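The primary structure of each chain is shown beneath.
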Amino acid sequence: MKHHAYAQTPPLGWNSWDCYGASVTEEEVRGNADYMAEHLKSHGWEYVVVDIQWYEPGAYSSRYRPFVPLEMDEYSRLIPAANRFPSAADGGGFRELAAYVHGLGLKFGIHIMRGIPRQAVHADTKILGTNITARQIAHPNSICPWNTDMYGVDPEKEGAQEYYDSLFAMYADWGVDYVKVDDIADSRLYGYHAGEVELIRRAIDRSGRDMVLSLSPGPAHVDRAEHLIENANLWRMTDDYWDHWFLLRGMFERCEAWAPHVGPGHFPDCDMLPLGRIGIRSVDGGAEDRMTRFTCDEQVTMMTLWSIFRSPLMFGGELRSNDEWTLSLLTNDEVLAVSRDGSEPRPLPQRAADPDHIRIWTSRRPDGGLNVALFNLGDESAEVTLSLDELAQAPNARLRDLWARQDAAAQEGVLRAELPPHGSMLYAVTAPE
């Protein structure tokens with residue numbers, strides 16, 4: 001499938017939601033892009049994504065203001081609010097901001113809501129290149145329960161495809177490389193919007209520009225996997241994910257269900273990484289302006305699971321506030337290579353000798369070896385022992401601790417690891433030289 005070529009490996013980037021909610025400004029986007037270019041680009045990080053409501057002049061947090069005027073052009077298309085994105089004035093859209101990001105050697109992304117603006121429907125504005133108006137293609141009973149900006153689009157209506165074509169033609173003109181579409185993978189009221197997903201897929205294909213398509217929110221259902229793979233690059237398998245241990249623990253079950261559907265160009269998405277400084281103006285996580293609530297061990301466990309499962313890695317914190325510890329999580333090239341180059345991620349069956357809170361995952365390495373992740377989901381320290389002969393049919397295999405970036409030893413062909421509560425280890429197991 002052509003669109004799988006746009007993201008052969010899981011995307012790595014920054015998204016504005018966890019720190020700024022709906023209220024991020026151009027200065028903040030540029031500042032985070034500058035940081036990424038200086039500190040992260042050489043490690044594979046490349047996407048800078050402006051999340052929801054960049055078209056809302058009065059947005060101030062993650063609390064949406066209902067039924068307020070939005071910035072829109074004459075063809076029913078939402079455009080950036082110039083008071084927050086000054087370079088968008090006079091019809092500039094995101095062209096200048098995207099060009100700035102591209103000039104740093106990075107890629108630019110935006111968030112959109114599925115559908116057509118309610119204010120376009122109420123004003124019955126035009127659809128570009130047609131005699132159809134917004135009211136004629138709207139599905140006014142198809143609404144988002146948590147945001148009032150849009151009505152759904154009826155895929156069966158004449159003009160529906162033309163509307164989405166006009167949207168993505170505009171995004172292509174702006175220089176957009178990544179589009180996150182919300183209220184579509186699992187709408188709380190209406191389930192999966194397959195028809196609008198297909199409209200968007202065709203619109204991207206017709207736009208003339210390669211754009212990664214990410215669908216939100218979740219949980220997307222496994223029985224939709226084939227359709228998701230046919231139409232998207234990424235799809236959320238969870239609702240909004242924040243820095244709570246119970247949410248991280250619950251992600252293991254979701255990853256087990258979706259592991260068979262991970263492949264080049266199509267990746268189930270564990271959601272953003274709530275690391276570093278978050279909640280500056282985004283309050284959905286339960287507290288304002290803070291460093292992540294995850295312990296250091298929990299942060300390593302999250303990065304280890306996301307990497308071996310091959311979820312996209314989208315950092316949610318304010319990059320310019322990173323401390324050395326947070327930066328170290330994002331620049332360990334040996335761990336990032338597990339995400340980039342691994343294949344066939346899978347959990348090992350629960351072993352009779354292990355307590356219920358021990359999890360073991362593997363993925364294949366390009367050199368023929370294995371990546372092996374050990375997880376302790378319990379509240380007490382635990383020792384895990386693993387026979388290398390049983391694991392890799394190579395009792396004399398070489399071990400490397402990827403987080404420590406140093407070789408490790410196995411005594412008599414047995415790997416023994418002491419895991420702290422909520423902690424993990426990540427190893428490369430390769431054949432002896």
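What counts and how
- Residues numbered from 1 in each chain as written.
- Predicted model: local features only at pLDDT ≥ 70, side-chain atom pairs only at ≥ 80, totals over all residues.
- Heavy atoms only, no water.
- UniProt positions renumbered as here; feature names shortened; annotations may be inferred.
- Helix = DSSP H or I, 4+ residues; strand = E, 2+ residues; numbered from the N terminus.
- Rg over C-alpha atoms; globule rule 2.2 N^0.38 Å.
- Buried < 20%, exposed > 50% of the residue type's maximum accessible area, 1.4 Å probe, protein only.
- Areas by Shrake-Rupley, 256 points an atom, 1.4 Å probe, with all protein chains shown as cover.
- Lys, Arg positive; Asp, Glu negative; His and termini not counted.
- Charge placed at Lys NZ, Arg CZ, Asp CG, Glu CD.
- Contact = heavy atoms within 4.5 Å.
- Phe/Tyr/Trp six-rings, centres within 6.5 Å; stacked < 30°, edge-to-face > 60°.
- Lys NZ or Arg CZ within 6 Å of the ring centre and 35° of its normal.
- Core = buried A, V, L, I, M, F, W, Y, C linked by side-chain atoms within 4.5 Å.
- Expected span 1.5 Å × (residues − 1).
- Axes fitted to C-alpha atoms, helices over the stretch in contact; angles between N-to-C directions.
- Parallel < 35°, antiparallel > 145°, perpendicular 65-115°, else oblique.
- Left-handed = near helix turned anticlockwise from the far one by under 90°.
- Nonpolar A, V, L, I, M, F, W, Y, C, P; charged D, E, K, R; others polar.
- Pairing = 2+ DSSP bridges.

In the annotation of an unreviewed UniProt entry, the protein chain is listed under the name Alpha-galactosidase and assigned to Saccharibacillus kuerlensis. Per UniProt, the protein chain carries the Catalytic activity (unreviewed entry) text "Hydrolysis of terminal, non-reducing alpha-D-galactose residues in alpha-D-galactosides, including galactose oligosaccharides, galactomannans and galactolipids." Of the comments in the UniProt record for the protein chain, the one headed Sequence similarities (unreviewed entry) reads "Belongs to the glycosyl hydrolase 27 family."

1. Thoughts on the overall build of the protein chain
Per the secondary structure count, the protein chain includes 13 helices and 21 strands. In terms of overall dimensions, the protein chain is globule-like: its C-alpha atoms have a radius of gyration of 22 Å, near the 22 Å expected for 433 residues. Structurally, the protein chain occupies a C-alpha span of about 75 × 40 × 35 Å along its principal axes. Evaluated residue by residue, the protein chain yields a buried proportion of 60% over its 433 residues. Element-wise, carbon and sulfur atoms account for 47% of the exposed surface of the protein chain, whose accessible area totals about 16,700 Å². Positive and negative charge centroids in the protein chain, built from 40 and 65 side chains respectively, lie 3 Å apart.

2. A short note on the environment of Val222
Along the chain, Val222 turns up in the loop between strand 8 (212-215) and helix 8 (225-231). By relative accessible area, Val222 is classed as partly exposed at 33%. Each C-alpha atom of the pair Val222 and Met237 lies 8.7 Å from the other, and the pair is 15 residues apart in sequence. Not counting the four nearest positions on each side in its chain, Val222 is found in contact with Ala257, Trp258 and His261.

3. Looking at the packing of aromatic side chains
Across all of its chains, the model carries 17 aromatic pairs by this definition. Their ring planes at 75 degrees and their centres at 5.2 Å tell us that Trp54 and Tyr55 sit as a pair that is edge-to-face. According to the relative accessible area criterion, Trp54 is buried, its value standing at 1%. Overall, Tyr55 belongs to the buried group, its relative accessible area being 2%. Grouped by ring-pair contacts, the aromatic residues Trp54, Tyr55, Phe85, Phe94, Phe108, Phe168, Tyr171 and Trp174 constitute a single cluster. Its guanidinium or amino end placed over the ring of Tyr100, Arg30 lies 4.5 Å from that ring's centre, counting from NZ or CZ.

4. A few points about the nonpolar core
Formed by 125 residues in total, the largest nonpolar core has its most connected members in Phe168 and Tyr171. Those residues in contact with Tyr171, other than ones at most four positions away along the chain, are Ile110, Ile112, Val176, Val179 and Met211. The next biggest cluster of nonpolar side chains, apart from the first, holds 17 residues, and it includes Leu370, Leu374, Leu388 and Leu391.

5. Focus on helix 2 (residues 26-40)
With 15 residues, helix 2 should reach 21 Å at 1.5 Å per residue; the first-to-last C-alpha distance of 20 Å fits that figure. Every buried residue of helix 2 is accounted for by Glu26, Glu28, Val29, Arg30, Gly31, Asn32, Ala33, Tyr35, Met36 and Leu40. Tucked inside the fold, the buried residues of helix 2 contact strand 1 (12-15), helix 1 (17-20), strand 2 (47-50), helix 3 (95-103) and helix 11 (324-330).

6. A closer look at the environment of Gly369
Here Gly369 shows up in the loop between strand 15 (358-364) and strand 16 (370-376). Along the sequence, Gly369 and Gly175 sit 194 residues apart, while their C-alpha atoms lie 40 Å from each other.

7. Here we look at the packing of helix 6 (residues 160-174) against helix 7 (residues 194-207)
Taken N-terminus to C-terminus, the directions of helix 6 and helix 7 make an angle of 45 degrees; their axes are 8 Å apart at the nearest point. With respect to their mutual orientation, helix 6 and helix 7 come out oblique. Crossing hand, helix 6 versus helix 7: right-handed. Residues Ala160, Gln161, Tyr164, Asp165, Phe168, Ala169 and Ala172 of helix 6 form the contact with helix 7, whose own contacting residues are Glu196, Leu199, Ile200, Arg202, Ala203, Ile204, Arg206 and Ser207. Split into classes, the residues belonging to the contact of helix 6 with helix 7 amount to nine nonpolar, two polar and four charged.

8. Let's talk about the pairing of strand 1
A two-sided burial pattern is seen for strand 1, the buried positions comprising Leu12 and Trp14 on one face and Gly13 and Asn15 on the other. Here three bridges tie strand 1 to strand 13 (residues 313-315), and the two strands are oriented parallel to one another. The residue bridging Leu12 from the neighbouring strand is Leu313, located in strand 13. Bridging between strand 1 and strand 2 involves three bridges; their strand directions are parallel. Bridging across to strand 2, Asn15 finds its partner in Val49.

9. Topic: unusual backbone geometry
For the peptide bond that leads from Ser216 to Pro217, omega is -20 degrees, which places it in the cis range. Although it is not a glycine, Asp183 adopts a positive phi angle of roughly 60 degrees. The backbone of His422 sits at a positive phi, close to 65 degrees, despite the residue not being glycine. Residue placement: His422 occurs in the loop between strand 20 (414-419) and strand 21 (424-430). In this structure His422 comes out as buried when scored by relative accessible area, which is 12%.

10. Observations concerning the sheet that holds strand 3 (residues 107-113)
Taken together, eight strands build an open sheet; the order of strands is 10-9-8-7-3-2-1-13 and the sheet is parallel. Edge positions in the open sheet fall to strand 10 (267-269) and strand 13, since each of these has one partner strand only. The average angle at which neighbouring strand axes cross in this sheet is 25 degrees, direction not considered. Relative to strand 7 (residues 178-182), strand 3 is paired through five bridges, and the arrangement is parallel. Residue pairing across strands places Met113 opposite Asp182, the latter belonging to strand 7.

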